[in-house]
Amino acid sequence: MTDQSPGSTGNGAETAHPQDPRRIRAMFDVVAPRYDLLNDLMSGGIHRLWKRRLRRLAGRPRGRGLALDLAGGTGDIGNALAASGWAVVVCDPSEGMMSKGRNRRAGPRLRWVCGDGETLPFADGTFDLVTIGFGLRNIQDRQRALAEMARVLAPGGLMLCLEFSQPAPLIAPAYGLWQEHGIPRLGAAVSGQPDAYRYLVRSIQAFPDQKTLADWMRQAGFTDVFYRNQFFGIAAIHGGRRPAATP
């Protein structure tokens, strides 16, 4: 899956990202041809349910109806938003992932832009909705990326983040075994890229828990912050709004 840096320190500062962003971008370029298939195999297809829930939380278009799907990869979330009436910009640093998406999901309501989440190539207040699905953990400076998402949102706009999180103790041991042994072996067998899926496991294990991410969102300027656990906390959908403009 698409898919902190290894965690945060006690004062909220992040440690170094486990891999150089250029290597991560190159890794996604390589796995792009089998990426969607592997997502289905590794999750049993449940990632599609989580993405449908994100789309429902996004709702129908409002304002100018402009949405940004950051780290949008092959565009599955962007395509779902476009089907709901949004005009969507899919933004991702991997040309390989976006090329795969363009070949499958070209349409008048989708635009594809190569860009980095830490320095988004858009003006302040451009979008009424920003989504990011399984991409935040692959950004080196997550707190800066959250601030960028708040910046490009119009006042009152909504941000939704679907990401792996910390599972409930009930299922944590079994899930840990699947991470350590199942995911790398399946990834190696289908994609021929075992290192990519070992990185995937490390990035999931290092990502902060639900409350920490909610705190980061508030620090970035979001209000009305919430999160909803998915499948006992294996993933979570976080949401927040850019404050409405004062009269």
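Anything mentioned here points back to the structure above.
Being a predicted model, the structure only gives us computed values, none of them experimental.

**So, the overall build of the protein**
Part 1 of the argument: Looking only at helices and strands, the protein features nine helices and seven strands.
Part 2 of the argument: Scored against the burial criterion, the 247 residues of the protein give a buried share of 51%.

**Let's talk about the pairing of strand β7 (residues 235-241)**
In the case of a regular strand, side chains alternate between the two sheet surfaces.
Part 1 of the argument: Counting buried positions along β7 yields six of seven residues, so the element is predominantly enclosed.
Part 2 of the argument: Bridge count between strand β5 (residues 153-164) and β7: seven bridges; the pairing is antiparallel. Looking across to β7, one finds that L162 is bridged to I237.
Part 3 of the argument: As consecutive antiparallel partners, strand β6 (residues 223-230) and β7 are separated by four residues, and within that stretch F231 has a phi angle of approximately 50 degrees, a positive value.

**Here we look at the packing of aromatic side chains**
Part 1 of the argument: Evaluated as defined, the whole model comprises four aromatic pairs.
Part 2 of the argument: Residues F122 and F127 carry aromatic rings whose centres are separated by 5.1 Å and whose planes lie at 85 degrees to one another, so their mutual orientation is edge-to-face.
Part 3 of the argument: On the basis of relative accessibility, which here comes to 3%, the residue F127 falls in the buried class.
Part 4 of the argument: For the ring pair F231 and F232, a centre distance of 5.6 Å and an interplane angle of 80 degrees mean the geometry is edge-to-face.
Part 5 of the argument: A network of ring pairs unites the aromatic residues W50, F134 and F164 as a single cluster.

**Describing helix α5 (residues 95-105)**
Part 1 of the argument: Burial in α5 covers these residues: M97, M98, G101 and R105. Viewed end-on, α5 has its buried residues packed into an arc of 90 degrees, placing them on one side of the element.

**A short note on the sheet that holds β7**
Part 1 of the argument: In spatial order, the strands read β3-β2-β1-β4-β5-β7-β6; together these seven strands make up an open sheet with mixed pairing. At either margin of the open sheet sits one strand with a lone partner, and together these are β3 (110-114) and β6. Averaged over all pairs of adjacent strands, the angle between their axes in this sheet comes to 15 degrees, without regard to strand direction.
Part 2 of the argument: Note that strand β1 (residues 66-70) and strand β4 (residues 127-133) share four bridges and pair parallel. Looking at the pairing, L70 lines up with I132 of β4.
Part 3 of the argument: The strands that helix α3 (residues 46-58) touches are β4, β5, β6 and β7; relative to β5, the one it contacts most, it runs at about 165 degrees.

**Thoughts on the packing of helix α6 (residues 142-152) against helix α9 (residues 210-219)**
Part 1 of the argument: At their nearest, the axes of α6 and α9 sit 9 Å apart, and the two run at 50 degrees to each other. By the angle class used here, α6 and α9 are oblique. Like other packed secondary-structure pairs, α6 and α9 cross with a definite hand, here right-handed. Taken together, the residues of α9 that come into contact with α6 (itself represented by R142, Q143 and L146) are L213, W216, M217 and Q219.
Part 2 of the argument: Here the residues of the contact of α6 with α9 sort into four nonpolar, two polar and one charged.

**A look at unusual backbone geometry**
Part 1 of the argument: Of note, the phi angle at A71 is positive, near 55 degrees, even though the residue is not glycine.
Part 2 of the argument: Looking at the secondary structure, you find A71 in the loop between β1 and α4 (76-83).
Part 3 of the argument: Unlike most non-glycine residues, F134 shows phi in positive territory, near 55 degrees.
Part 4 of the argument: Inspection of the secondary structure assignment puts F134 in the loop between β4 and α6.

**Notes on the nonpolar core**
Part 1 of the argument: Ranked by internal contacts, the top residues of the largest apolar core, which has 38 residues, are L81, V88 and L129.
Part 2 of the argument: The contacts of V88, once residues within four sequence positions are left out, are A67, D69, G78, L81, A82, R109, L110 and R111.
Part 3 of the argument: Counting 29 residues, the second-largest nonpolar core is a separate cluster that includes M149, L153, M159 and W216.

**Notes on the layout of surface pockets**
Part 1 of the argument: If you add up the space inside the largest pocket, you get close to 330 Å³.
Part 2 of the argument: In this structure, the largest pocket is lined by 19 residues; those nearest its centre are I24, D92, P93, N138 and I139.
Part 3 of the argument: No other element matches the four residues that helix α1 (residues 21-31) contributes to the lining of the largest pocket.
Part 4 of the argument: Broken down by class, the residue content of the lining of the largest pocket amounts to eight nonpolar, seven polar and four charged.

**Section: the side chain of E163**
Part 1 of the argument: Structurally, the position occupied by E163 is in strand β5.
Part 2 of the argument: Looking at E163, its side chain comes within polar contact range of the main-chain nitrogen of G135, at 3.3 Å.
Part 3 of the argument: Among the polar contacts listed, one links the side chain of E163 to the side chain of R137, at a separation of 2.7 Å.

Rules used throughout
- Residues numbered from 1 in each chain as written.
- Predicted model: local features only at pLDDT ≥ 70, side-chain atom pairs only at ≥ 80, totals over all residues.
- Heavy atoms only, no water.
- Helix = DSSP H or I, 4+ residues; strand = E, 2+ residues; numbered from the N terminus.
- Buried < 20%, exposed > 50% of the residue type's maximum accessible area, 1.4 Å probe, protein only.
- Pairing = 2+ DSSP bridges.
- Phe/Tyr/Trp six-rings, centres within 6.5 Å; stacked < 30°, edge-to-face > 60°.
- Arc of directions from axis to C-beta.
- Axes fitted to C-alpha atoms, helices over the stretch in contact; angles between N-to-C directions.
- Contact = heavy atoms within 4.5 Å.
- Parallel < 35°, antiparallel > 145°, perpendicular 65-115°, else oblique.
- Left-handed = near helix turned anticlockwise from the far one by under 90°.
- Nonpolar A, V, L, I, M, F, W, Y, C, P; charged D, E, K, R; others polar.
- Core = buried A, V, L, I, M, F, W, Y, C linked by side-chain atoms within 4.5 Å.
- 1 Å grid on protein atoms, 1.4 Å probe; cavity = no way out; pocket = protein on both sides within 12 Å on 5 of 7 lines; lining within 4 Å.
- Points joined across faces, edges and corners; volume = space filled by probe spheres on them.
- Polar contact = N/O pair within 3.5 Å; in protein donor to acceptor, adjacent residues only side chain to side chain.

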